[in-house]
Amino acid sequence: RDRMPVIRISEMYYIVAECDKAIPATAVARLNEVLASRGYDDSELLDPISVNSADAVQAEILNEYRREFIAEGQLFFYHKRMKDEKLNGYTVNYVFPKPDTEIEFGK
């Protein structure tokens, strides 16, 4: 069958981890569930002691988005949702300009 996923299970785990980032150990456990399902062994999982703040959790979530959604556009929406003003040193505008023909002929 031709199917296109609307959202991946891993993305749902990332969203839940982001909601739980005030309790870093809980958020890290969510991220580790995704890593374990990919076949990472215990030595490769995230360490809750080193990922011990909301900012550290958010950085790990960004790393996972970068790894999981290569060339899919989801990373763009992540940055837009996070209201990141700069990406790789460049200022970002998330609103595309209207085409000239729409300005000229549209309302």
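All figures in this text were calculated on a predicted structure; none of them were measured in a lab.

Conventions used here
Residues numbered from 1 in each chain as written. Predicted model: local features only at pLDDT ≥ 70, side-chain atom pairs only at ≥ 80, totals over all residues. Heavy atoms only, no water. Helix = DSSP H or I, 4+ residues; strand = E, 2+ residues; numbered from the N terminus. Rg over C-alpha atoms; globule rule 2.2 N^0.38 Å. Patch = residues over 30% accessible without salt bridge, like charges linked within 9 Å, V, L, I, M, F, W, Y side chains within 5 Å. Areas by Shrake-Rupley, 256 points an atom, 1.4 Å probe, with all protein chains shown as cover. Salt bridge = Lys/Arg side-chain N within 4 Å of Asp/Glu carboxyl O.

Draft legend 1. Spatial organisation of the overall build of the protein chain. Looking only at helices and strands, one finds five helices and two strands in the protein chain. Going from N to C terminus, the protein chain has its helices and strands arranged as α-α-α-α-β-β-α. The C-alpha atoms of the protein chain give 18 Å as radius of gyration, which overshoots the globular expectation for 107 residues (13 Å, by more than 25%). Structurally, the protein chain occupies a C-alpha span of about 60 × 40 × 20 Å along its principal axes.

Draft legend 2. Broad picture of a nonpolar patch on the surface. Taken together, the side chains of Val 6, Ile 7, Ile 9, Met 12 and Ile 15 present a nonpolar region at the surface, about 480 Å² in accessible area. Looking at the secondary structure, you find Ile 15 in helix 1 (residues 9–19).

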